[in-house]
Amino acid sequence: MARVTIFGAGYVGVPTGAHFARTHRVTIYDPDNNKVENINKVIDNDSDSLHIHEKGLIELLQENHENIVATTDISLALDRPEIIFIAVGTPPNEKGRANLKYVCAAAEQIAKNVKNDCVVLNKSTVPPGTAYLVKEIIDKHLVNDVKISVGSCPEFLAEGTAVEDLRTPDRIVYGCDDTEALDKVTEFFLYLHGRSTLSPMTTLSSEVTKYAANALLATKISFMNSLAILCDAVGANIREVQEGVGKDTRVGRKFLNASMGYGGSCFPKDTSAIAEYGQLFSSPLEIIESTILVNDKTIKYFSEKIIHAFGDDLSDKNFIIWGIGFKARTDDLRESKPVQVARELMDRGAHVHIYDTVKGALENFKVENPSYEGKYSVYHEQYEMVNGNIDGLIIGNEHEKFRNPDVEKLENMRGKYIFDGKNVLNNHLIKSLKRKGFNYRSVGKDTVANAVDKTKLIDFLKNQYMD
Ligand SMILES: NC(=O)c1ccc[n+]([C@@H]2O[C@H](COP(=O)([O-])OP(=O)(O)OC[C@H]3O[C@@H](n4cnc5c(N)ncnc54)[C@H](O)[C@@H]3O)[C@@H](O)[C@H]2O)c1
């Protein structure tokens, strides 16, 4: 059992702390008193509500209550930790670069308060070289005569499945140029995971690995999204194409779902950050730059389908959005595509009626959109707002509840439009909706509901392919 401290009680810090507490003694440090109180109440079985929503997290904190505590007290936080993980935010600045001010502030706090030898690892997603910067800051501000090694341990959990991702990771990547420190980290993780899961490496390689992994996943999505737009144009079905491509084990099925674009706190931020980093090093990453462009284009493509159906002025229109979190089962709205769609519609005068399975997502929407007050309503029941005033339904994320809507209830809507931003409705359902007079719009499978114009295609081939 090791003593570890985690800086940052956010989407990464809390689930990571709860997971480590299975076999180690964990202190989570955050200057935000509300978050810290929240966590401690949950640990003490005094509350069952946290500031972040993750399946199984509350139970895990309570199971391991003897091994975990949260604090705003820096001296308690730095009471003899063997390993310190920095998991503070690295939000993008206006140039798309990761803002390192929170990481640097944490480094300075560590330097000024640490009283024993230890290893500091960046868990935050940071530009390669940041561990060296953290080491420089620590050396500059160090008060006591102790040895601090610095490395990186990027996090790969996904929001919504964080607890399970942490329990059964594909790999744990960590890097440190100090081999003694690297061995110590290996020993720490061996308490939690098998050796084959561990990927120790140099500091810089581990930092590059994080960006490379996220950028590659985002690229798979944008690759399929650009083909989805072609599928709509020609009359093919992207879901079928995805199936055909993904069954090739060299490609794999994951991250091939076409949709209105990827969002969340990581992919948009990390693709921009590494693309910008490549530019600064005169090593442009053209494929990642295209990934970003396609993502911006895809959300516009989807929003324009709604606008095209109703016209530019939506002042007397009412829309339902099912799913406002950037994906199912999260309250995180950072870079959420359904939020972008909601704002676009409200800007054009529409009223949006929002439902999400996660209460916190609706609360966050209110907090983050004060200027839109009066232009939207939020609901805690999926069909509460389905009535004769509604012009269209927008499916914002992939939750199971949205895959099989109650069609009888939807027939109460005055407008018969369904905009499937995640392509989650199956072909059978789409065809039966079509028979009931609904218009179905998606990203790459519109022709499930509309016959392919074969004459147009034949003419196209005759005109363009006969020389
Ligand atoms: N959210 C994800 O799914 C995810 C996944 C992998 C990696 N990451 C990366 O992990 C990092 C953290 O992301 P997040 O989503 O948990 O962020 P978050 O915004 O949810 O949490 C960050 C926390 O850090 C705290 N903080 C700020 N300054 C601090 C300081 N000096 N000391 C201690 N705490 C401090 C904040 O109060 C906040 O609670 C980011 O770099 C992110 O890119 C996030």
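Residues numbered from 1 in each chain as written. Predicted model: local features only at pLDDT ≥ 70, side-chain atom pairs only at ≥ 80, totals over all residues. Heavy atoms only, no water.

(A) Looking closely at the pattern of salt bridges. This structure, assessed with the given rule, holds 23 salt bridges. Put simply, Asp-312 and Arg-348 hold a salt bridge, and the shortest N to O gap is 3.4 Å. Here the residue Asp-312 occupies a position in the loop between helix H12 (286-310) and strand S9 (318-322), and Arg-348 occupies one in the loop between helix H13 (337-347) and strand S10 (351-355), the gap between them amounting to 36 residues. (Salt bridge = Lys/Arg side-chain N within 4 Å of Asp/Glu carboxyl O. Helix = DSSP H or I, 4+ residues; strand = E, 2+ residues; numbered from the N terminus.)

(B) Geometry of the domain arrangement of the protein chain. Segmentation of the protein chain into domains returns domain 1 (3-201) and domain 2 (213-448). Domain 1 and domain 2 are separated by 33 Å when their C-alpha centres are compared. Domain 1 puts 20 residues into the contact, and the matching count from domain 2 is 18 residues. Both sides of the domain 1 and domain 2 interface together cover about 1400 Å² of buried area, and 53% of this is carbon and sulfur. One salt bridge connects Arg-334 with Glu-159, and the closest N-O pair in it is separated by 3.8 Å. Run the count over domain 1 and domain 2 and you get eight residue pairs in polar contact (both at pLDDT 80 or more). Here the side of domain 1 that touches domain 2 is composed, by residue class, of nine nonpolar, seven polar and four charged. (Domains from an automatic or database assignment. Contact = heavy atoms within 4.5 Å. Buried area = accessible area lost by both parts, 1.4 Å probe. Polar contact = N/O pair within 3.5 Å; in protein donor to acceptor, adjacent residues only side chain to side chain. Nonpolar A, V, L, I, M, F, W, Y, C, P; charged D, E, K, R; others polar.)

(C) Highlighting the sheet that holds S10. Ordered in space as S11-S10-S9-S12-S13-S14, the six strands form an open sheet in which the pairing is parallel. Of all the strands in the sheet, the pair left with one neighbour each is strand S11 (376-379) and strand S14 (439-441). Each strand axis lies, on average, 20° off the axis of its neighbour in the sheet, ignoring direction. Two elements, S10 and S11, share four bridges in a ladder whose sense is parallel. For Ile-354, the partnering residue across the bridge sits in S11 and is Val-378. H12 contacts S9, strand S12 (392-395), strand S13 (417-420) and S14 of the sheet and is inclined by roughly 170° relative to S13. (Pairing = 2+ DSSP bridges. Axes fitted to C-alpha atoms, helices over the stretch in contact; angles between N-to-C directions.)

(D) Spatial organisation of unusual backbone geometry. The backbone phi angle of Arg-329 is positive, close to 65°, even though this residue is not glycine. Residue classification places Arg-329 among the partly exposed positions, given a relative accessible area of 29%. (Buried < 20%, exposed > 50% of the residue type's maximum accessible area, 1.4 Å probe, protein only.)

(E) Local environment of the site of the ligand. Near the ligand lie 27 residues; those nearest to it are Asp-30, Lys-35, Thr-90, Glu-159 and Lys-269. Measuring from a nitrogen atom of the ligand, one finds a backbone N or O atom of Gly-8 at 3.3 Å. The separation between an oxygen atom of the ligand and a polar main-chain atom of Tyr-11 is 3.0 Å. By residue number, the principal contributor to the shell around the ligand is helix H5 (residues 101-113), which donates three residues. Partitioned by chemical class, the residues of the shell around the ligand number 12 nonpolar, eight polar and seven charged. Two domains each donate at least three residues to the shell around the ligand, and these are domain 1 (3-201) and domain 2 (213-448). (Near = heavy atom within 4 Å.)

(F) Region of the structure containing a nonpolar patch on the surface. On the surface, a nonpolar cluster with roughly 170 Å² of combined accessible area is contributed by Val-241, Val-245 and Val-251. By secondary structure assignment, the location of Val-245 is in helix H10 (residues 238-246). Judged by relative accessible area, which is 31%, Val-245 ranks as partly exposed. (Patch = residues over 30% accessible without salt bridge, like charges linked within 9 Å, V, L, I, M, F, W, Y side chains within 5 Å. Areas by Shrake-Rupley, 256 points an atom, 1.4 Å probe, with all protein chains shown as cover.)

(G) Quick peek at helix H14 (residues 359-368). Among the residues of H14, those classed as buried are Ala-361, Leu-362 and Phe-365. Within H14, the buried residues cover an arc of 100° as seen down the axis, which keeps them to one side. Along H14, exposed side chains directed more than 90 degrees from the buried face belong to Lys-359 and Val-367. Turning to H14, the residues buried within the fold contact H13, S10 and S11. (Arc of directions from axis to C-beta.)

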